[in-house]
Amino acid sequence: MKRILTIQDISCLGKCSVTVALPVISAMGVETVILPTAVLSTHTMFKNFTVKDLTDQLLPIVNHWKSENVQFDAIYTGYLGSAEEIEIAKTIFDMFKTDDTLIFIDPVMADNGKLYPAFDMEYARLNAGLCGKADIIVPNITEAAFMTGMEYKTEYEESYIKEMLDKLAALGSKVVVLTGVSLSEGKTGVYGLNTETGEHFIYQNDRVDASYHGTGDIFASVAVGALTRGLSMDKAFALAADYTADTIRATLKNPAEPWYGVDFETTIPQLVTRLSIDLANAIDE
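Residue positions are counted from 1 within each chain, in the order its sequence is given. Reporting of local features is limited, given that this is a predicted model, to residues whose pLDDT is at least 70; pairs of side-chain atoms are given and counted only at 80 or more, and all residues count toward the totals for whole chains, interfaces and linings. Computation of side-chain values: all heavy atoms of the structure, hydrogens and water removed.

**Regarding the nonpolar core**
- The set of buried Ala, Val, Leu, Ile, Met, Phe, Trp, Tyr and Cys residues whose side-chain atoms join them within 4.5 Å is what this entry labels a nonpolar core. The buried label applies to any residue whose accessible area, calculated with a 1.4 Å probe on protein chains only, is under 20% of its type's maximum; exposed applies above 50%, and partly exposed to all values in between. Formed by 48 residues in total, the largest nonpolar core has its most connected members in L5, I161, M164 and L178.
- It is helix 3 (residues 83–96) that contributes the most residues to this core, seven residues altogether.
- Once you skip the residues sitting within four places of it in the chain, L5 turns out to touch V33, I34, L35, W65, F72, A74, I75, Y76 and I92. The numbering of helices and of strands both runs from the N terminus, where a helix is a DSSP run of H or I of at least 4 residues and a strand a run of E of at least 2. Residue contacts are defined here by distance: any two heavy atoms, one from each residue, within 4.5 Å place the two residues in contact.

Here it is in structure tokens:
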């Protein structure tokens, strides 16, 4: 069985970060090892949440794993709360990276044109440096703007996206994928660049007029799980985009509509079925 290490916080209530990554990737048939950077009572959209920082535990944990000859098929980072955690992530990459290990980074730090309150431009610079050690990065347009120095735009042409991809590629990762890219009315999706082949790939689906905390974590978790199972780049990101959209639609049907996260638990059977079909089709192709 394939094995993924995910490095991010645990929000005990709120459906994001490890609370999403662990069940979603496991359901895709991949062992999921967690390295929690912190434990929060809830995610940060709640008021008065508690936080227990675990930064000082990260290296002792991975040193133990190293002594046990543990190996990973992929290492996936999400929200990293400090410059120190970014540097530790780099160390972990160096410790466990082999020719067959996928380094997948979701540089979680900003949205809607603004950095999250805990971060500044120095953090964005450090996150850009971390992305340089990745095989695949999946920033949204806001995060990409901060890492490349480009102007953040809500309305843009395809040339803007391609320029942003080129500047992201210059950071050093092999594949760069922008999320939340809308090139026509009512559509949204991903636009990627494989720097080794120079080929672009794009996938658009219908925009769902709703926004929930943690959907980026769902997208990244599905993408890294699908890639680790052997799906091609375009198939993996199409699956991630479709599943995220389907899960938002399912949540809209919930009379309670939990604002703190989406009802991904109800759509996991769809994910497993779609993954099985995609894997079977890949064998036949």
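Structure shown, so let's carry the discussion forward.
**Description of the pattern of salt bridges**
- Salt bridge, as used here: a side-chain nitrogen of Lys or Arg that lies within 4 Å of a carboxyl oxygen of Asp or Glu. Under the defined criterion, the tally for this structure stands at 13 salt bridges.
- As a salt-bridge pair, D135 and K174 come within 3.3 Å of each other at their nearest N and O atoms. With D135 in the loop between helix 4 (121–131) and strand 8 (136–137) and K174 in the loop between helix 6 (158–169) and strand 9 (175–181), the pair connects residues that are 39 residues apart, well separated along the chain.
- R249 is paired through a salt bridge with D246; the nearest N and O atoms lie 2.9 Å apart. Taken together, the residues span about one helical turn, with R249 and D246 both in helix 8 (residues 233–252) at a distance of three residues.
- Judged by relative accessible area, R249 falls into the partly exposed class, the value being 32%.
- Given the relative accessible area of 31%, D246 is considered partly exposed.

**Examining helix 9 (residues 264–284)**
- Expected helix span is computed as 1.5 Å times (number of residues minus one). The end-to-end C-alpha distance of helix 9 is 30 Å, a good match for the 30 Å that 21 residues give at a rise of 1.5 Å each.
- Note on bend: the value at a residue is the angle between axes fitted to the seven residues ending there and to the seven starting there. Roughly 25° is the biggest bend found in helix 9, and it falls at Q270.
- Of all the residues in helix 9, the buried ones are F264, T267, I268, L271, L275, D278 and L279.
- Looking at the buried side of helix 9, the elements it contacts are helix 1 (18–27), helix 7 (215–229) and helix 8.

**Quick word on the environment of P36**
- Locating P36 in the fold gives a position in strand 2 (residues 31–40).
- P36 gets classed as buried once you look at its relative accessible area, which sits at 15%.
- Each C-alpha atom of the pair P36 and I7 lies 6.0 Å from the other, and the pair is 29 residues apart in sequence.
- Ignoring sequence-local partners within four residues, the contact set of P36 consists of Q8, I10, L54 and L58.

**Concerning the sheet that holds strand 9**
- Strand order in the open sheet made by the nine strands is 3-2-1-4-5-8-9-10-11, with mixed pairing throughout. In the strand order of this sheet, the two ends are held by strand 3 (51–53) and strand 11 (199–206), each with one partner.
- Strands are labelled as partners when DSSP assigns at least two bridges between them. Judged from the two bridges that link them, strand 5 (residues 102–105) and strand 8 form a sheet pairing that is parallel. Looking across to strand 8, one finds that I105 is bridged to I137.
- To get an axis, a line is fitted to the C-alpha atoms, and for a helix only the part in contact is used. The angle between two axes follows their N-to-C directions and goes from 0 to 180 degrees. Relative to the sheet, helix 2 (residues 55–67) contacts strand 1 (3–11), strand 2 and strand 3, its axis offset from that of strand 2 by approximately 160°.
- The sheet strands contacting helix 8 are strand 5, strand 8, strand 9, strand 10 (187–194) and strand 11, and the helix crosses strand 11 at an angle near 20°.

**What about the packing of aromatic side chains?**
- Classification of ring pairs uses Phe, Tyr and Trp, with its six-membered ring standing for Trp, and accepts pairs whose centres are within 6.5 Å; under 30 degrees between planes counts as stacked, over 60 as edge-to-face, and the remaining range as tilted. Within this structure, the stated rule accounts for 11 aromatic pairs.
- Centroid distance Y79 to F119: 5.5 Å. Interplanar angle 40°. Geometry classified as tilted. Taken together, the residues span a long stretch of sequence, with Y79 in the loop between strand 4 (74–77) and helix 3 and F119 in the loop between strand 7 (114–115) and helix 4 at a distance of 40 residues.
- When its relative accessible area of 8% is taken as the criterion, F119 is described as buried.
- Taken together through their ring pairs, the aromatic side chains of F46, W259 and Y260 make up a single cluster.
- In our convention, an over-ring charge means Lys NZ or Arg CZ found within 6 Å of a ring centre and within 35 degrees of that ring's normal. Positioned above the aromatic ring of F96, the side-chain terminus of K66 is 5.1 Å from the ring centre.

**A closer look at the state of the cysteines**
- To count as a disulfide, a pair of cysteine sulfur atoms needs to be within 2.5 Å. Inspection of the entire model under this criterion finds zero disulfides.
- Of the cysteine sulfurs around C12, a residue in no disulfide, the closest is that of C16, at 10 Å.
- C16 supplies the cysteine sulfur nearest to C131, a cysteine that is in no disulfide, at a spacing of 19 Å.
- In this structure C131 comes out as buried when scored by relative accessible area, which is 0%.

**Some words on the environment of K47**
- Residue position: K47 is located in the loop between strand 2 and strand 3.
- Between the C-alpha atoms of K47 and G230, which are 183 residues apart in sequence, the distance is 41 Å.

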